[in-house]
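Overview (structure and organization)
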Amino acid sequence: MVEKKPKRRVIHPWPLRLMHWLNALAIVMMIGSGWQIYDASPLFAFTFPPLITIGQWLGAAIAWHLAFMWLLVFNGLVYFIWSAASGHFAKFFPLSPRAVWRDFTAALSFKLPHETGVYNAVQKLLYLGVLFAGVVIVISGLAIWKPVQLWFFCDLCGGYVVARYVHFFAMTAIAGFFAVHLLLVAMVPKVLPPMITGGRIEP
Amino acid sequence: MKNINRRSMLFRAMALGAVSTLPGCDYEDPAHPDIADKFLHAMSAWNDRVQEALFDPHTLAPTFRADQVTNPPRFNAFYDISQAPVVDPATYQLELGGQIQDKSPWSLTALNALAQTSQITRLTCVEGWRVIGEWEGVPLGDFLRRIGADTTCRYVSFKCADGYYSSIDMPSALHPQTILALKFLGAPLTPPFGAPVRLRIPTKLGFKNPKSIMQLAVTNIYPGGYWEDQGYNWFSGS
């Protein structure tokens, strides 16, 4: 009789890990250069200090932005296709407002345990939210880059002027997610190694 | 020399895997490109090709109502408005060069005698802001055909009274909304805003709309441009 080894499952399969880190690089490059571009014609009464921007001047910042947009978009497309094909998206559901509220209040009182390989309702909502912001930032970015040729994206965003605000607020949402994401990793550091090595869920 | 941004340097190193070969800022010295510059140049060339493929000669830039025109217009150049060149319209001659059959220069009177078209379109600056203006002038495609330009050439280049220069691709030059503008809001162009002749091309960013054009040439040799040679994307289509 052949003895079957109990199956051990990785927490993060290698395609997900690869896409995660490529996306991290793309996001940092896009936001850093985007802040420098913003400074050339600010929408609000503040600018981003040059110390935290990428590119130092508008020409270089645009060059970085329009170079790394390809990484962001292609990596994102591969992620959506891979997630749909592998069933990864199922991890974000089911999701109800009640569950979000329950887990949110539990998290605030530090009573929400981290379950390896399982997303709590707040995580599900945040991940779905940042994916939505990702779609919005790409569409509004294309609207600003090509308001004539890709006029339908521009119309969808409410015109060229509004598209710049949409792009800015989508960036704000992603930057906010990024900050919370880093904070939570700092609070639960054991989640970091599996994003590099894959990790194992013991049966 | 601007401050060297250490964080940015680190990101570049991550991106390119070359820590020791990043001596300065990006595009600071076009004559001595570092590895980051070469990477950005390659991506910019790729973006040129993508934009050429994306360009549809039948897609028109949006037009606006007369009451939406930004008036007075917004001045923008690499120098202060007080230094804008003043060209005498009486003696003005548009010089022609390159792959053109009839290279006789054109006076302002002769240009004004050609069939004119007007447009209320948006000028989008690479910085992000936009203005709306009403320009009137000669469709560049009509003009190129009239002077016997070889429209199979790749580039149309422009040299300006202030030392500015730029160039556009032939398909964009032949776009119906690309005009040699002579007037703004029904009156002849004024010196800071491109008098006596400027390019108005609403399918490209603002810096691809050279002002006070003195020379026009048709060529297959890449002419570059004032900002393009410093690192801005050449095609810069809208």
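The structure reproduced in this document is the subject of the present report. Predicted model, so just to flag it, every value in this text is computed and none were measured. (Residues numbered from 1 in each chain as written. Chains lettered and ligands numbered in written order. Predicted model: local features only at pLDDT ≥ 70, side-chain atom pairs only at ≥ 80, totals over all residues. Heavy atoms only, no water.)

1. Section: helix α2 (residues 35-54) of chain B
At 3.6 residues per turn, the α-helix brings residues three or four places apart onto the same side. Residue and element names in this part refer to chain B. Test applied: Helical segments are the DSSP runs of H or I of at least four residues, strand segments are the runs of E of at least two, and each set is numbered from the N terminus. Here, expected helix span is obtained from the residue count minus one, scaled by 1.5 Å. Accessible area is worked out with a 1.4 Å probe on protein chains only. A residue is then buried under 20% of its type maximum, exposed over 50%, and partly exposed in between. Any pair of N or O atoms that falls within 3.5 Å is considered a polar contact. Within protein, one atom must be able to donate a hydrogen and the other to accept it, and sequence-neighbouring residues count only if both atoms are side-chain atoms.
With 20 residues, α2 should cover 28 Å at 1.5 Å per step; its first-to-last C-alpha distance of 29 Å lies within 8% of that length. Along α2, the residues classified as buried are Ala36, Asp37, Leu40, Met43, Ser44, Asn47, Asp48, Val50 and Gln51. For α2, the N-terminal capping position is held by Asp34, with its side-chain oxygen 3.1 Å away from the main-chain nitrogen of Ala36.

2. Side note on unusual backbone geometry
The omega angle of the peptide bond from Asn71(B) to Pro72(B) is 0°, so this bond is cis rather than trans. Inspection of the secondary structure assignment puts Pro72(B) in the loop between α2 and β1 (93-98). For the bond from Ala195(B) to Pro196(B), the omega torsion is -5°, close enough to zero to count as cis. Residue placement: Pro196(B) occurs in the loop between β8 (187-188) and β9 (198-200). A positive phi is found at Gln56(A), a non-glycine position, where the angle reads about 65°. Turning to its location among the elements, Gln56(A) is positioned in the loop between α1 (14-40) and α2 (58-86). Here Ser212(B), not a glycine, exhibits a phi torsion of approximately 45°, which is positive. Among the structural elements, Ser212(B) can be located in the loop between β9 and β10 (213-219). Residue classification places Ser212(B) among the buried residues on the basis of a relative accessible area of 2%.

3. What to know about the interface of chain B and chain A
Note the threshold: Any two residues whose heavy atoms approach within 4.5 Å at even a single point are treated as in contact. In this description, buried area is defined as the sum, over both parts, of the accessible area (probe of 1.4 Å) that is lost when the two are combined. In the sections that follow, a salt bridge refers to a side-chain nitrogen of Lys or Arg positioned within 4 Å of a carboxyl oxygen of Asp or Glu. For this scheme, ten residues count as nonpolar: Ala, Val, Leu, Ile, Met, Phe, Trp, Tyr, Cys and Pro. Four count as charged, namely Asp, Glu, Lys and Arg, and the remainder, Gly too, count as polar.
Contacts between chain B and chain A engage 44 residues on the former and 35 residues on the latter. When chain B packs against chain A, the two sides together hide about 3,200 Å² of surface, and 67% of this comes from carbon and sulfur. One can count zero salt bridges joining chain B with chain A. For the pair chain B and chain A, the number of links is nine residue pairs in polar contact (both at pLDDT 80 or more). At the level of elements, α1 (6-16), α2 and β3 (117-124) of chain B are the ones that each hand at least two residues to the side of chain B that touches chain A. With nine residues, α2(B) is the largest single contributor of residues to the side of chain B that touches chain A. Tallied by class, the residues present in the side of chain B that touches chain A amount to 22 nonpolar, 13 polar and nine charged.

4. What about the environment of Tyr164(B)?
Residues and elements named next belong to chain B. Tracing the sequence through the fold places Tyr164 in the loop between β5 (155-160) and β6 (165-169). For the pair Tyr164 and Tyr226, spaced 62 residues apart in the sequence, the C-alpha separation amounts to 5.8 Å. Setting aside its immediate chain neighbours within four residues, Tyr164 contacts Phe78, Phe158, Lys159, Phe207, Pro210, Tyr226 and Trp227.

5. What to know about empty space enclosed by the protein
The line we're drawing: Only protein atoms enter the 1 Å grid, on which a cavity is a set of points fitting a 1.4 Å probe that cannot get out and a pocket is an open set with protein on both sides within 12 Å along at least 5 of 7 lines, lining residues being those with an atom within 4 Å of a point. Grid points are joined across faces, edges and corners, and a volume is the space filled by probe spheres set on the points.
Taken as a whole, this structure holds four cavities of 30 Å³ or more when the rule is applied. Quantified by volume, the largest cavity comes out at close to 60 Å³. Around the largest cavity, the lining residues are Ile62(A), Ala63(A), Leu66(A), Ala67(A), Leu40(B), Met43(B), Ser44(B), Asn47(B), Gly231(B) and Asn233(B). Elements represented by at least two residues in the lining of the largest cavity include exactly α2 of chain A together with α2 of chain B. Taken together, the residues of the lining of the largest cavity sort by class into six nonpolar, four polar and no charged. In this structure, the second largest cavity encloses a volume near 50 Å³. In this structure, the second largest cavity is lined by Lys146(A), Gln149(A), Gln51(B), Leu54(B), Phe55(B), Ser172(B), Thr203(B), Lys204(B), Phe235(B), Gly237(B) and Ser238(B). Classifying every residue of the lining of the second largest cavity by side-chain character gives three nonpolar, six polar and two charged.

6. Focus on the sheet that holds strand β2 (residues 106-107) of chain B
Residue and element names in this part refer to chain B. As a reminder of what qualifies: Each pair of strands is called paired provided DSSP finds at least two bridges between the two strands.
Taken in spatial order, the five strands make up an open sheet running β2-β1-β10-β5-β6, and their pairing is mixed. Edge positions in the sheet fall to β2 and β6, since each of these pairs with one other strand and no more. Pairing between β5 and β10: six bridges, direction antiparallel. Across the sheet, Lys159 pairs through a bridge with Gln215, a residue of β10.

7. Remarks on the packing of helix α4 (residues 121-145) of chain A against helix α6 (residues 160-187) of chain A
All names here are of chain A. What counts here: Every angle, taken between N-to-C directions, lies between 0 and 180 degrees, and every axis is a line fitted to C-alpha atoms, over only the stretch in contact when it is a helix. Here the angle decides the label: under 35 degrees means roughly parallel, over 145 means roughly antiparallel, 65 to 115 means roughly perpendicular, and every other value means oblique. By convention, the crossing between two helices is left-handed when the near helix turns anticlockwise from the far helix through less than a right angle, and right-handed when the turn is clockwise.
Running from N to C, α4 and α6 point in directions that differ by 150°, and their axes come no closer than 8 Å. Here α4 lies roughly antiparallel to α6, going by the angle between them. Relative to α6, α4 is oriented so that their crossing is left-handed. When α4 is examined against α6, the residues Leu126, Tyr127, Val130, Ala133, Gly134, Val136, Ile137, Ser140, Gly141, Ala143 and Ile144 are found in contact with a partner set consisting of Tyr160, Ala163, Arg164, Val166, His167, Ala170, Met171, Ala173, Ile174, Phe177, Val180 and His181. Each residue belonging to the contact of α4 with α6 can be placed in one class, and the counts come to 17 nonpolar, five polar and one charged.

8. As for the pattern of salt bridges
Residue and element names in this part refer to chain B. Tallying each qualifying case throughout the model produces five salt bridges over all chains. Between Asp67 and Arg65 there is a salt bridge whose closest N-O contact spans 3.0 Å. For Lys204, the salt bridge goes to Asp169, with nearest N and O atoms at 2.8 Å. Of this pair, Lys204 sits in the loop between β9 and β10 while Asp169 is found in strand β6, placing the two residues 35 residues apart along the sequence. Residue Lys204 shares its accessibility class with Asp169, and that shared class is buried.

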